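So the chains spell out like this:
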Amino acid sequence: SMKIRAHVALLCLPVAWGAQVQKQGLRLPRSAAANRQAVVNIFTESYQSYRKFAFGHDEVEPLSETFEDPRNGWGASIVDAMSTMYIMGLTDFFNEALNFTQGINFNESNTADTVSIFESTIRYVGGLISAYELSGKKFPFLVDKAKELADRLSLGWSQSKGTVIPYGFVDFSTNTPTLDTSNIAEAGTLTLEWSRLSEYTGNDTYRQLAEASALKVATNPAPLPGLAAQGIDPATSLPVGGYVTWGGGSDSYFEYLIKYARLSNTDDETFADTWLTAVDSSITTLIKASATSTVGNHVYLADFDDNRQIRHVGSHLACFYAGNWLLGGKLANNQTIVNIALQLNDACWNTYAGDATGIGPEAFAFISADGNFTGGDAPSASDLAFYAKHGYYVTSSDYIQRPEVLESNFYAWRVTGDTKYLDRAASAIASFNKFLKKPTGFVGLNDVNDITTSTDNAIDETESFWFAEVLKYLYLTFDDPNHISLDNFVFNTEAHPFIAPPAKATYGSGATPTKPTKPFTVRPGPLPAISPDARLPTPIIDVMNLRT
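Predicted model only: the values in this text are computed from it and were never measured.

**Student:** Before we go on, may I ask you to explain the overall build of the chain in this structure?
**Tutor:** Regarding its fold elements, the chain presents 18 helices and 19 strands. In summary, the chain has a C-alpha radius of gyration of 22 Å against a globular reference of 24 Å for 548 residues, a match within 12%. Each of the three principal axes of the chain carries a C-alpha extent, and together these read 55 × 55 × 50 Å. Going through the 548 residues of the chain one by one, you find that 63% of them count as buried. A separation threshold of at least 6 residues defines the contact pool for the chain, and within that pool the share at least 24 residues apart is 74%. Averaging the coordinates of the 40 positive side-chain charges in the chain and doing the same for the 59 negative ones gives two points 7 Å apart.

**Student:** How should I be thinking about helix α13 (residues 335-353) in this particular structure?
**Tutor:** One turn of an α-helix holds 3.6 residues; hence residues three or four places apart share an orientation. Taking 1.5 Å per residue as the helical rise, α13 with its 19 residues ought to reach 27 Å, and the 27 Å between its terminal C-alpha atoms agrees with that figure. One side-chain oxygen at the N-terminal end of α13 lies 3.1 Å from the backbone nitrogen of T336; it belongs to N334.

**Student:** Explanation requested: the sheet that holds strand β12 (residues 363-365) in the structure shown.
**Tutor:** By definition, the strands of a sheet pair up through backbone hydrogen bonds, in either a parallel or an antiparallel sense. The strand order across the open sheet formed by three strands is β11-β12-β13, and the pairing between neighbours is antiparallel. Either end of the sheet is taken by a strand with one partner, and the two such strands are β11 (313-315) and β13 (393-396). The mean inter-strand angle of the sheet, taken between neighbouring strand axes irrespective of direction, is 35 degrees. In this sheet, β13 lies alongside β12 in antiparallel orientation, the contact comprising three bridges.

**Student:** Help me out: how do you make sense of empty space enclosed by the protein in this one?
**Tutor:** The gaps left among the atoms become clear once a water-sized probe is rolled over them. As enumerated under the stated definition, the model contains three cavities of 30 Å³ or more in all. Size it by volume and the second largest cavity reaches roughly 50 Å³. As for the second largest cavity, its lining consists of I184, V217, N220, P221, A222, A228, A229, G231, I232 and P239.

**Student:** How should I be thinking about the packing of helix α15 (residues 404-416) against helix α16 (residues 420-435) in this particular structure?
**Tutor:** How two helices sit against one another is set out by the angle between their axes and by the gap between those axes. Across the interface, α15 lies against α16 with an axial gap of 9 Å and an inter-helix angle of 150 degrees. Regarding the angle of α15 to α16, the classification is roughly antiparallel. Judged by the twist between their axes, the crossing of α15 over α16 is left-handed. Contact with α15, carried on its side by L406, N409, A412, W413 and T416, involves Y421, L422, R424, A425, A428 and F432 of α16 and no other residues of that element. Partitioned by chemical class, the residues of the contact of α15 with α16 number eight nonpolar, two polar and one charged.

**Student:** Mind showing me how you'd approach the packing of aromatic side chains here?
**Tutor:** Any pair of aromatic rings gets described here by the distance separating the centres and the angle formed by the planes. Per the stated rule, a full pass over the model turns up 33 aromatic pairs. Where W194 meets Y206, the ring centres are 6.0 Å apart and the plane angle is 70 degrees; that geometry is what we call edge-to-face. Taken together, the residues W194 in helix α8 (residues 191-201) and Y206 in helix α9 (residues 205-219) connect sequence positions twelve residues apart. The pair formed by W194 and Y206 is uniform in burial state, with each residue classed as buried.

**Student:** Is there a simple way to think about the side chain of N324 in this case?
**Tutor:** The residue N324 is located in helix α12 (residues 320-331) in this model. For N324, the residues in contact, after removing those within four places along its chain, are W246, F254, E255, I258, K259 and W275.

**Student:** Would you mind going over the pattern of salt bridges with me for this structure?
**Tutor:** Where charged atoms of side chains with opposite charge meet at close range, the side chains can pair. A complete count under the given rule lists 17 salt bridges for this structure. Two residues, R36 and D479, come together in a salt bridge whose shortest N-O distance is 3.9 Å. Pair noted here: R36 is in helix α2 (residues 32-54) and D479 is in the loop between α17 (464-477) and β18 (489-491), with a separation of 443 residues, a long-range link. Taking the shortest distance from any N to any O, the salt bridge between K437 and E45 comes out at 3.3 Å. Placement of the pair is K437 in strand β14 (residues 437-438) and E45 in helix α2, with a sequence separation of 392 residues. Residue K437 is classed as partly exposed on the basis of its relative accessible area, which comes to 36%.

**Student:** What is the right way to look at helix α11 (residues 270-287) in this model?
**Tutor:** Counted at 1.5 Å a residue, the expected span for α11 with its 18 residues is 26 Å, and the 24 Å between its end C-alpha atoms agrees. For α11, a buried count of 13 out of 18 residues is recorded, marking the element as mostly surrounded by other parts of the structure.

**Student:** I tried to follow the sheet that holds strand β5 (residues 176-177) on my own but got confused; where do I start?
**Tutor:** The antiparallel open sheet is built from three strands, whose spatial order is β3-β4-β5. The sheet is open, and its two borders are formed by β3 (115-116) and β5, each paired with just one other strand. In this sheet, strand β4 (residues 169-171) lies alongside β3 in antiparallel orientation, the contact comprising two bridges. If you follow V115 over to β4, its bridge partner there is V170.

**Student:** What's the story with the environment of S46 in this structure? I'm lost.
**Tutor:** Take S46: it is sitting in helix α2. Along the sequence, S46 and N307 sit 261 residues apart, while their C-alpha atoms lie 45 Å from each other. Once residues lying within four places of it in the same chain are set aside, the contact partners of S46 are F442, W466 and F467.

**Student:** I'm lost on the environment of Y507 in this one. Help?
**Tutor:** Within the element layout of this structure, Y507 appears in the loop between β19 (497-499) and α18 (540-543). If sequence neighbours within four positions are ignored, Y507 has contacts with I258, A261, R262, N265, E269, A272, L276, L331 and A332. Within the structure, Y507 has its side chain in polar contact with the backbone nitrogen of K504 (distance 2.9 Å).

**Student:** Would you take a moment to explain the confidence of the model for the chain for this structure?
**Tutor:** Predicted coordinates in regions of low pLDDT should not be interpreted in detail. Chain-level statistics for the chain give a pLDDT mean of 92 and a share of 91% at 70 or above. Taken as a whole, residues 1-16 scores under 50 in pLDDT and shows 31 contacts with residues more than four places along the chain or in a different chain. Here residues 531-548 is a poorly scored stretch, pLDDT under 50, and it has 43 contacts once near neighbours within four places are set aside; other chains count.

**Student:** Help me understand unusual backbone geometry, please; the structure alone is not making it clear to me.
**Tutor:** Negative phi values dominate among residues other than glycine, just as trans dominates among peptide bonds. The backbone of N297 shows a phi angle near 50 degrees, a positive value even though the residue is not glycine. Examined against the element boundaries, N297 turns out to sit in the loop between α11 and β9 (303-304).

**Student:** I keep staring at the environment of V522 and nothing clicks. Help me out?
**Tutor:** Structurally, V522 is set in the loop between β19 and α18. Along the chain, V522 and P239 lie 283 residues apart, while their C-alpha atoms are 7.8 Å from each other. Discounting residues that sit within four places of it in the chain, V522 has contacts with G241, G242 and D306.

**Student:** Would you mind going over the packing of α15 against α17 with me for this structure?
**Tutor:** Here α15 crosses α17 at 20 degrees, and the two axes come no closer than 9 Å. Compared by their axis directions, α15 and α17 come out roughly parallel. As α15 packs across α17, the resulting crossing turns out to be left-handed. On α17, the residues touching L406, E407, F410, W413 and R414 of α15 are E469, V470, Y473, L474, L476 and T477. Of the residues contributing to the contact of α15 with α17, the split by class is seven nonpolar, one polar and three charged.

Scoring rules and cut-offs
Residues numbered from 1 in each chain as written. Predicted model: local features only at pLDDT ≥ 70, side-chain atom pairs only at ≥ 80, totals over all residues. Heavy atoms only, no water. Helix = DSSP H or I, 4+ residues; strand = E, 2+ residues; numbered from the N terminus. Rg over C-alpha atoms; globule rule 2.2 N^0.38 Å. Buried < 20%, exposed > 50% of the residue type's maximum accessible area, 1.4 Å probe, protein only. Contact = heavy atoms within 4.5 Å. Lys, Arg positive; Asp, Glu negative; His and termini not counted. Charge placed at Lys NZ, Arg CZ, Asp CG, Glu CD. Expected span 1.5 Å × (residues − 1). Polar contact = N/O pair within 3.5 Å; in protein donor to acceptor, adjacent residues only side chain to side chain. Pairing = 2+ DSSP bridges. Axes fitted to C-alpha atoms, helices over the stretch in contact; angles between N-to-C directions. 1 Å grid on protein atoms, 1.4 Å probe; cavity = no way out; pocket = protein on both sides within 12 Å on 5 of 7 lines; lining within 4 Å. Points joined across faces, edges and corners; volume = space filled by probe spheres on them. Parallel < 35°, antiparallel > 145°, perpendicular 65-115°, else oblique. Left-handed = near helix turned anticlockwise from the far one by under 90°. Nonpolar A, V, L, I, M, F, W, Y, C, P; charged D, E, K, R; others polar. Phe/Tyr/Trp six-rings, centres within 6.5 Å; stacked < 30°, edge-to-face > 60°. Salt bridge = Lys/Arg side-chain N within 4 Å of Asp/Glu carboxyl O. pLDDT = per-residue confidence, 0-100.

Following this line, the structure appears as structure tokens:
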């Protein structure tokens, strides 16, 4: 443990120049140590449950005391947890995970499922490369394993007929992709992981494939400047539909535009400029058009549909945007973006504070001066009563151990040093221990406003991103701010940190956003389901009537 922390300390040298993200001179209060240990305890209890009932499989079902394999049975919880184990100094768990990963065979799926390029990249490839970096690059087989998997995932491009967008899923048994439409999150969330793989293998093809896909999304005609449509067809590389959201199906494409600019320090300003244009469009259209909630004056980021109507909806997934805007606002030296990000962060936290359990829902909606249109059912009487108290109402009541609200809360603490963000994180720890903790592990919730602790309200699954994201962001909120500093690391969308080079003075060319040169027309077509939560009765994309 001491060796691990000593090594990571070497990675925490102060940044001498360039854009700075973290507030200088951050100091933790004395209470932080107890909260940090409480997070380690949750991790340890959760992971011991996994070890006891599911080791080697993807995820544990703690109530049933068994396992499930939604990520091809390669041991997702182990690989996803490795960077967190290392950061927490859990040496025995980390060494056990090292031994396990050496034996994974990524050349074939252990289940009958096809393989998601996106999910496999962010969890497995990202997790392996981050563990390689954090542990001092002493275990090169971690890169070998990431390469083994990425080589198979590259089959997603094999039938694209010269286009640059990969198909989203590959059948490893036939070496063929599933010929179907995709979305911009799947197409645009590969750059961090695949560019790092190129760096460590010496094969630039990985970077080239990932970059070309993201750049194609960024340079396609868009419904709003910088805000690409959610759907995309790999057969043509053209958009499908015209739905704009920072939520699932689009989220991490936007997230990676600025993160890739930072991690790579690329001279190609397309990434940072597209991100800045997207934020500018979001402020002028997705925020200003819907204004603030009529109760509480909360600042929400609305969706924008095929009919160019504002939809007054939000989601747990989308709440990453506050942290992403804080990061990008600091990198671009743009205080306006930082200030709005903090307001967005408060509104997302309010969806935790307003719920009976103190834990936020999967999806919610709000009302502003221009109405309450969501594209779905109008709010019920009980919805309106809840809204009148809290400034939002719940449209999907489950909590499946998502990290985004606490992720943004972590960024807010590191950027501002305001201890209210520590109080919020401590509140979440208490709620998790009260409502998610069971004798055999940690579960999700069917209804975040049901304070009974019966198993009837429990979702019997511990997600791999519980280990990778939720508990890492909580731990780092209460850890030494110079440990895994936001000035020295860039997190992938699964919270796996990559070592970043010294920052440039600023990111983005500073040019005024230009209007698209090509007109945007909505091309109808089926969109893939975007919710990874198989227990929902219908995918989120159906709930919000996003199909065209």
